[in-house]
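Commentary on secondary and tertiary structure
If you want the building blocks of each chain, they are given just below.
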Amino acid sequence: MEIIKHWIGGSPAGSASATAPVFDPATGRIRARVVLGTAADVDAAVTRAAAAFETWSESSLTQRTQVMFAFRQLLVEHEEELARIISAEHGKTVDDARGEIVRGREVVEFACGLGDALKGSHSDQVSRGVDVHDFRRPLGVVAGITPFNFPAMVPLWMHPIAIATGNTFVLKPSERDPSAAGFVAGLYRRAGLPDGVFNVVHGGKEAVDAILAHPGIEAVSFVGSTPVAQYVHGAATSAGKRVQALGGAKNHAVVLPDADPEFAAGHITAGAYGSAGERCMAVSVAVAVGSAANGLVEALARRAREVKVGPGHVPGVEMGPLITEDARDRVERAVGTAAGQGATVVVDGRGLKPDGHPECADGFFTGPSLLDHVTPEMDAYRQELFGPVLAVVRVDTLDEAIDLINANPYGNGTALFTGSGEAARRFQRRVQVGMIGVNVPVPVPMSYYSFGGWKDSLIGDSPVHGPEGVRFYTRPKVVTTRWPRPARQDAAGFAFPTSA
């Protein structure tokens with residue numbers, strides 16, 4: 001059986017003394033085993049990264065962006081291979097995996113053009129014969145701890161910008177679908193990235209804790225659940241590190257009576273059930289306003305029943321299995337709990353087995369579920385289910401919908417379906433959420449903007465990629481200069497310097 005190893009200093013590394021199973025979620029069978037990293041493995045990766053930083057940080061911006069251009073081209077050429085690796089370990093469809101690679105590649109393209117983002121400023125003659133300019137320098141060795149749901153895209157939010165700004169990187173991907181990280185490491189090597197600049201250490205909590213405590217790591221980027229984001233932020237900041245910590249979500253899509261119910265239902269269905277709902281930007285609550293409710297629920301129910309569920313590698317399949325058996329069981333229990341708490345189960349996806357695929361009898365499948373008449377007190381509303389369950393909450397007005405969203409502890413993404421510009425403007429100004437879509441169900445920003453929510457969806461104040469990513473992975477230097485003429489020497493004074 002394949003043993004998935006770390007990638008340290010430009011090659012696979014690590015013994016197989018302690019491993020964990022990697023499943024094919026579609027069949028429920030073990031397809032490989034992954035090495036579980038220790039503190040010693042993290043230290044080895046940091047040591048190689050620190051040595052590489054000495055030269056990489058002094059490389060020219062031209063050299064770094066040339067590597068990024070080459071890396072971007074390799075991602076294009078090997079998109080299909082990488083997508084199939086992701087699908088086999090995560091369970092999402094190959095088409096969905098292609099989409100995450102494309103969105104991740106956009107960050108690489110942003111990194112290719114970092115020359116403009118790294119421009120400093122210059123102020124001439126701030127005092128007699130004195131000029132001031134600033135520039136940004138890389139931090140050193142930085143790390144990323146990333147979740148299972150986007151094994152290519154979320155790491156690509158981090159390491160291209162970190163590396164292009166002159167840092168070296170240690171990635172700790174999810175041990176549930178680890179192969180994408182090693183594949184990307186190989187592409188970096190082929191693109192000409194020097195050994196030690198990009199490293200991968202697999203593992204669980206021991207590896208995470210070693211990263212958070214290691215004195216040689218200057219900054220940590222994290223995406224995952226809110227409780228773990230809070231833990232990462234607290235531990236890493238206590239160790240003196242910069243931290244990006246993105247947490248969970250409960251994303252609402254509001255539908256007004258003037259919206260086209262079929263248009264809204266189609267996009268909400270895709271946003272709710274795509275990738276089996278295992279997205280931090282998935283639509284998990286549809287807020288039906290006034291007279292929109294009945295027609296919306298009818299359209300959502302019809303579309304939920306039409307979702308094609310099966311193994312991700314099969315053409316035409318729209319939704320694959322969940323990542324683990326425990327995840328599947330947790331989601332199905334949540335549907336039962338919702339019914340017990342008074343919600344109407346309009347579409348019940350529990351117990352689904354894909355038709356025509358006997359090899360998937362033990363896979364981690366559940367079907368799309370649709371709940372109506374959900375209230376904010378119910379578990380199905382309060383909890384981040386991270387599965388293919390869409391809850392419909394009925395309200396009377398747009399202002400009531402905004403108040404509902406603002407009362408929720410999460411503030412990652414939200415959407416409004418309407419034909420009214422006034423309503424859209426009121427919504428986007430009042431709602432307390434970091435990323436907003438108008439007639440767009442999953443408003444993930446382009447790479448030249450930054451990704452980050454509000455409230456419990458972002459611990460601290462550092463979003464990822466875009467301009468915020470550049471700022472996170474660099475620190476400024478401000479230089480004040482005077483070049484007096486050789487024949488003239490200004491007298492030094494003991495008073496605090498001023499422009500006079």
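Residues numbered from 1 in each chain as written. Predicted model: local features only at pLDDT ≥ 70, side-chain atom pairs only at ≥ 80, totals over all residues. Heavy atoms only, no water.

1. A closer look at the overall build of the protein chain
- From N to C terminus, the protein chain includes 16 helices and 23 strands.
- A compact globule built from 500 residues should have a C-alpha radius of gyration of about 23 Å, and the protein chain, at 25 Å, falls within 12% of that.
- Its C-alpha atoms put the protein chain at 90 × 60 × 40 Å along the principal axes.
- Within the protein chain, the proportion of its 500 residues that are buried is 56%.
- Within the protein chain, residue pairs in contact and separated by at least 24 positions form 73% of the contacts whose partners lie at least 6 positions apart. (Helix = DSSP H or I, 4+ residues; strand = E, 2+ residues; numbered from the N terminus. Rg over C-alpha atoms; globule rule 2.2 N^0.38 Å. Buried < 20%, exposed > 50% of the residue type's maximum accessible area, 1.4 Å probe, protein only. Contact = heavy atoms within 4.5 Å.)

2. As for the sheet that holds strand E4 (residues 19-24)
- As summarised here, the arrangement of the 3 strands in space is E1-E5-E4, forming an open sheet in which the pairing is mixed. Taken across any chain shown, the strands that pair with only one partner, and hence form the sheet edges, are strand E1 (3-4) and E4.
- Judged from the 2 bridges that link them, E1 and strand E5 (residues 29-35) form a sheet pairing that is parallel. Paired with Ile3 across the two strands is Arg33, which belongs to E5.
- Contacts from helix H3 (residues 79-90) reach E1, E4 and E5, with the element oriented near 100 degrees to E4. (Pairing = 2+ DSSP bridges. Axes fitted to C-alpha atoms, helices over the stretch in contact; angles between N-to-C directions.)

3. Topic: the packing of helix H2 (residues 61-77) against helix H7 (residues 179-190)
- Between H2 and H7, whose axes approach to 8 Å, the crossing angle comes to 130 degrees. When the axis of H2 is compared with that of H7, the two are oblique. When the axes of H2 and H7 are compared, the crossing they make is right-handed. Contacts from Met68, Phe71, Leu74 and Leu75 in H2 reach Val184, Leu187, Tyr188 and Arg190 in H7.
- Grouping the constituent residues of the contact of H2 with H7 by class yields 7 nonpolar, no polar and 1 charged. (Parallel < 35°, antiparallel > 145°, perpendicular 65-115°, else oblique. Left-handed = near helix turned anticlockwise from the far one by under 90°. Nonpolar A, V, L, I, M, F, W, Y, C, P; charged D, E, K, R; others polar.)

4. Examining the nonpolar core
- Val254, Ile268, Leu300 and Leu390 are the most contacted members of the largest nonpolar core, which has 68 residues in total.
- Among the elements that line this core, the one with the most residues is helix H11 (residues 292-306), at 8 residues.
- Counting 60 residues, the second largest nonpolar core, distinct from the first, contains Val184, Leu193, Ala219 and Val464. (Core = buried A, V, L, I, M, F, W, Y, C linked by side-chain atoms within 4.5 Å.)

5. Looking at the pairing of strand E12 (residues 242-246)
- In terms of burial, E12 is largely enclosed, as 4 of its 5 residues are buried.
- As paired strands, strand E11 (residues 217-223) and E12 are joined by 5 bridges and run parallel to one another. Considered in E12, the bridge of Val220 is made with Val243.
- Since E11 and E12 lie parallel, the crossover through helix H9 (residues 226-238) that links them has a hand, and here it is right-handed.
- Of the strand pairs in this sheet, E12 and strand E22 (residues 458-459) are connected by 2 bridges, and their pairing is antiparallel. Among the inter-strand pairings, Leu246 is bridged to a residue of E22, identified as Leu458. (Right-handed = clockwise from strand over helix to strand, strands pointing away.)

6. Observations regarding helix H6 (residues 153-164)
- With 12 residues, H6 ought to run about 16 Å at 1.5 Å a step, and its terminal C-alpha atoms sit 17 Å apart, in line with that.
- Across the 12 residues of H6, 12 count as buried, placing the element largely inside the fold.
- Among the residues of H6, Met153, Val154, Pro155, Leu156, Trp157, Met158, His159, Pro160, Ile161, Ala162, Ile163 and Ala164 are the ones counted as buried.
- Following H6 by one or two positions, Gly166 has its phi on the positive side, about 105 degrees. (Expected span 1.5 Å × (residues − 1).)

7. Structural notes on the packing of helix H14 (residues 398-407) against helix H15 (residues 421-430)
- It is at 10 Å that the axes of H14 and H15 come closest, and there the two elements cross at 20 degrees. One element, H14, and the other, H15, form an angle in the roughly parallel class. Viewed along their axes, H14 and H15 form a crossing whose handedness is right-handed. Packed against H14, whose contacting residues are Leu398, Asp399, Ile402, Asp403, Ile405 and Asn406, the element H15 presents Ala423, Arg426, Phe427 and Arg430 at the interface.
- In terms of residue class, the contact of H14 with H15 is built from 5 nonpolar, 1 polar and 4 charged.

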